[in-house]
Every structure is written in C-alpha cells, then in structure tokens.
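Per-entry structural report
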Amino acid sequence: MASKNAKVLKPKKKKFNFNKVFFYLKSLINNGVVKEIGIKHWISSIFVMLIALFISVMPTLTTEATRNGSSGINNQYNDVLVEALYNYVNDDSAPDLKIVDHKLSTVEPVSNSLIYNYERSNLRFDIYYFNTDAGISFNDQINSVLENNPNVSNAMFLGSDQYTVSIYQQGSTQIVGNAAGRYGHIENIESFKDYLKQNTSSLKDINEIKQEYMTNFYTFADQGYLDVRGQQVGLMVGIILGINGGITLIILPILFLMSRGKNNPNRVLKFYQVMGISFHATLSPAIITLILGYIMGSSMQMMSMIYVMCYGFRAMWLTMKYLRTPIQ
C-alpha cells in the first residue's frame, strides 16, 4: 500500500516555444528562413499568401468603406460650386427639384435639360436634369450633352435615379472635385432649394449663408453616396487584389525557371516547393504595403504599385541569393 504521505507528482506543463515564433518572424527579413519554411511547409504558404493579399488591401478597404460622398467636393477647388448653388437657390426663375420615393424630378415640367447656368468671368457651372425613366440612360444623356456642348466642364448632372458632380481645375482637363450617388438613402424632399436653405438665417453674413448651403449639400452627397459606396469598395479592392494576386502568380514560374539551371543545386526543388518559398515571401511586402498605405495614402494606383514594387524587389533578392545558379 502506498504511503499516505507520498507526494503526488504533477505533470509538467509544456512551455510555449517562443523560439519557433521568432524563427517564423525572422522569415520576414531572412530569405534563408523563407526558403526553409517554404520547402517544409509549402501547404501553409498558400494561406500565408492569401493573408498577405488581404493585408495589402486593408488601407484601401478601410479608407473607402468609411469615405463620405462629400469628401471629393469639400476642398479648396469648390468655389465655383459654392457660388453656383447659392445663385441657383436664390434665382426664382430656375426650376426647382423634388425627390419622391427615391426618385428625382422637377417640381414643374421643363423643356430643356439645362435647368441652370452660372457664369462668372471665365468660370462656368451648369446644372442639368435628365429624366432617365424615358428610356435613355443617364450616361448616354451626359455623353450627348458633352458632345454637343464642348465648353461644358464644371457641372452637376441630376438624373431620375442618380447624380454626379464634376469640378475641373481652371484652365485644364484635370478633375479636382467629384461626387456621385443615388437617392436610395435620401428621404422625400419637396423642394431641393428649401433643402439647401434649411437651418440658415438671412441675418448672417453672406459667406456664412453660402457655407450653410454647402453643409446641407454635403449631407445630401453623403447620403447619396451610401448607395454606391459598397460597389465602389468592392470594385477598388477587387482591382487591387487582382493586380497583387496576378503579380504574385506571375513571379512564381519565374522563380521556378531561375532554379532550373544545369549547375543549380536547387534543381532538386519541386514546383510546389518553389511555390511555398514564393508564397511565404509575400508576407513582408504586404506588411510594408499596409504601413506605407496608411502613411502615404490609400489610392488604388498607389496601393497596387507599392505591393508590386516591394514583392518584386524581394523576389529578385531571393532569386539572386538563394535560387539562381551560383557563379563558378
């Protein structure tokens, strides 16, 4: 019989292996470790590549998903829009607009799509209304106006279901302000002019009144953009994912071919092992893209270029040091 005073031995708890974590972290900068991990764990490298691609689009995803519709026109170039809206609201002869059941129309029938034109010295801003329920699409009507009126630049095009605003830099064809949206999140508006004038006071300075008009218009643009924001996010993220994923897949056969030299000791590597090396090397370029994307901006052009350059540089570094045929 065992003694009552005998001590019960407790099983020792296994300590977490931090060395293994540091080893994997080392692969962010060490190509030798990348090669070792890629060969041994080529299946997991597929998941690493997918995670890396997701990381590379995070700045664009988060920025675009929280973007307001007014951000494109709330800038230093919107003077012509400010003046045009102020004059439109206070011009009794200009046709008023209304939104009923998320459809925009004029309060009174109009015979011309150009419902208001503002001109000051060499600046011009036009407001157009298109009845897109008549069978002619919104874009077709815009193109028709631009073809027949080459002088049209700064303009607001209001269709039955959607709108767009474009502001160009003075004397050039460069767009410096734009907004677009639909009316799905906009409640009924009996008078667009009254909507822009709400919460304003005639006792205030004229510049303050103009700013209050614009504040109301920014709210309109923000609500209108909610209908298209998801589509815009999906489009931009999809394009960047396509570019980043495409360059990742293009570089893979290049790395494989670089390791096929007659005297190359890496000839023994199988295609899937080179794939493991190539895919595992995507993580650090993706992290750099994430950091630089938030620091420098998250435009679609910049985000695609950062990853392409970073991953291309790492692939070249990896090839020159570990996969190419050594110089005799």
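Structure: see above.
So, a few notes on the structure that sits alongside this text.

Rules behind the numbers
- Residues numbered from 1 in each chain as written.
- Predicted model: local features only at pLDDT ≥ 70, side-chain atom pairs only at ≥ 80, totals over all residues.
- Heavy atoms only, no water.
- Axes fitted to C-alpha atoms, helices over the stretch in contact; angles between N-to-C directions.
- Helix = DSSP H or I, 4+ residues; strand = E, 2+ residues; numbered from the N terminus.
- Parallel < 35°, antiparallel > 145°, perpendicular 65-115°, else oblique.
- Left-handed = near helix turned anticlockwise from the far one by under 90°.
- Contact = heavy atoms within 4.5 Å.
- Nonpolar A, V, L, I, M, F, W, Y, C, P; charged D, E, K, R; others polar.
- Pairing = 2+ DSSP bridges.
- Buried < 20%, exposed > 50% of the residue type's maximum accessible area, 1.4 Å probe, protein only.
- Right-handed = clockwise from strand over helix to strand, strands pointing away.

Overview of the packing of helix α8 (residues 206-258) against helix α9 (residues 271-280)
Packed helices, taken two at a time, are described by their axes: the angle between them and the distance between them. Between α8 and α9, the shortest axis-to-axis distance is 9 Å and the interhelical angle comes to 130°. Put simply, α8 runs oblique to α9. The crossing of α8 and α9 is right-handed. Where α8 abuts α9, its residues T248, L249, L252, L255 and F256 lie against F271, V274, M275, S278 and F279. Along the lines of polarity and charge, the residues of the contact of α8 with α9 split into eight nonpolar, two polar and no charged.

Topic: the packing of helix α3 (residues 42-56) against α9
The geometry of α3 relative to α9 is characterised by a closest axis approach of 8 Å and an angle of 35° between their N-to-C directions. Here α3 and α9 pass one another in a crossing that is left-handed. Judged by residue contacts, W42, S45, I46, V48 and M49 of α3 engage Y272, M275, G276, F279 and H280 from α9.

Points about the sheet that holds strand β4 (residues 123-130)
Taken in spatial order, the five strands line up as β3-β4-β5-β6-β7 in an open sheet, and their pairing is mixed. Two strands close off the open sheet at either side, each with one partner strand: β3 (114-120) and β7 (175-182). Strand-to-strand twist across the sheet, computed as the mean angle between neighbouring axes with direction ignored, equals 5°. Strand direction decides the pairing type here: β3 and β4, joined by six bridges, are antiparallel. Each bridged residue has a counterpart across the sheet, and for R120 the counterpart in β4 is L123. Of the strands in this sheet, β3, β4, β5 (155-159) and β6 (162-168) are in contact with helix α5 (residues 79-89), which crosses β3 at around 125°. Seen against the sheet, α8 touches β5, β6 and β7 and runs at an angle of roughly 65° to β7.

So, the pairing of β4
For β4, the buried fraction is high: seven of the eight residues fall into the buried class. Across five bridges, the pairing between β4 and β5 is parallel. Bridge assignment links I127 to a residue of β5, and that residue is M156. With respect to chirality, the unit in which β4 leads through helix α6 (residues 138-148) into the neighbouring parallel β5 is right-handed.

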